[in-house]
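As a plain string of letters, each chain reads:
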Amino acid sequence: SSRTPLDCRWMDSVNFVVCQLCALISAFWFRLFLHPSKTSPFIRHVVATLLGLYFALFCFGWYALHFLVQSGLTYGIMILTGVEHMHKYCLLVALTYLSLCQITRVYVFDYAMYSADFTGPMMVITQKITSLALSRILPHLPHWHRHHAGRQSGELFPLTLILRVH
């Protein structure tokens, strides 16, 4: 028996709702059993990452690997390149990878077989990666220091200190 696109859309909707409900339940579980006062940040990050990967695999199947590849490439760029060019390289790589995925999905597979559209979430990931790379360069820009007199070079705002990537 062949599945129609309508059946697939219905299943995607069911998967989305189930994933949202599981995320809400896991949020309560996370707060009760992995409370910051009881658990180290490392354990909380590992659990959150594994749970996120599971949800991505549940919703998008093996297409979720594209999320890991794109994030891994840009994270590597953030580690290996200098601060002055990091945001440009991250934007270039993230947009190029997103474009290649979209072109492949549209023109190579020609929508012949239905699959969940993973490029929408990849667009959000591209925005988040680019914003992260740009936030890491802002304190190092010359004009930044003129507007924030009294701060030391490279000193971060209190909120940025909490949210920074080590």
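Residues numbered from 1 in each chain as written. Predicted model: local features only at pLDDT ≥ 70, side-chain atom pairs only at ≥ 80, totals over all residues. Heavy atoms only, no water.

Explain the overall build of the protein chain to me, please; I cannot follow it from the model alone.
Tallying secondary structure elements over the protein chain gives seven helices and zero strands in all. Counting helices and strands in the order they occur from the N terminus, the protein chain gives α-α-α-α-α-α-α. Burial status across the protein chain gives 24% buried among its 166 residues. Taking contacts inside the protein chain between residues at least 6 apart in sequence as the whole, the part at least 24 apart equals 58%. When the accessible area of the protein chain is evaluated, it comes to approximately 11800 Å², of which 71% is carbon and sulfur surface. (Helix = DSSP H or I, 4+ residues; strand = E, 2+ residues; numbered from the N terminus. Buried < 20%, exposed > 50% of the residue type's maximum accessible area, 1.4 Å probe, protein only. Contact = heavy atoms within 4.5 Å. Areas by Shrake-Rupley, 256 points an atom, 1.4 Å probe, with all protein chains shown as cover.)

Is there a simple way to think about the UniProt feature "transmembrane region" (unreviewed entry) in the protein chain in this case?
Look at the UniProt record and you will see "transmembrane region" (unreviewed entry) annotated at residues 14-34, 46-69 and 89-108. Segment residues 46-69 splits into 83% helix and 0% strand. End C-alpha atoms: 18 Å apart. (UniProt positions renumbered as here; feature names shortened; annotations may be inferred.)

Please explain the packing of aromatic side chains as it appears in this structure.
How two aromatic rings sit relative to each other is set out by the distance from centre to centre and by the angle between their planes. Evaluated as defined, the whole model comprises five aromatic pairs. Geometrically, the ring pair formed by Y54 and F55 is tilted, given 6.2 Å between the ring centres and 50° between the ring planes. Judged by relative accessible area, which is 51%, Y54 ranks as exposed. With a centroid separation of 4.9 Å and 10° between ring planes, the pair formed by Y63 and F118 is classed as stacked. Of this pair, Y63 sits in the loop between α2 (41-60) and α3 (65-80) while F118 is found in the loop between α4 (83-108) and α5 (119-137), placing the two residues 55 residues apart along the sequence. Overall, the relative accessible area of 25% leaves Y63 in the partly exposed class. Judged by its relative accessible area of 3%, F118 falls in the buried class. (Phe/Tyr/Trp six-rings, centres within 6.5 Å; stacked < 30°, edge-to-face > 60°.)

Looking at this structure, how should I read the nonpolar core?
The nonpolar side chains of a soluble globular protein tend to be buried, and buried together. Formed by 15 residues in total, the largest nonpolar core has its most connected members in F67, M78, C90 and M122. At the level of elements, α3, α4 and α5 are the ones that each hand at least two residues to this core. Among the elements that take part in this core, α4 stands out by supplying five residues, more than any other. What M122 contacts, discounting residues up to four positions off in sequence, is H66, F67, Q70, Y97, L98 and C101. (Core = buried A, V, L, I, M, F, W, Y, C linked by side-chain atoms within 4.5 Å.)

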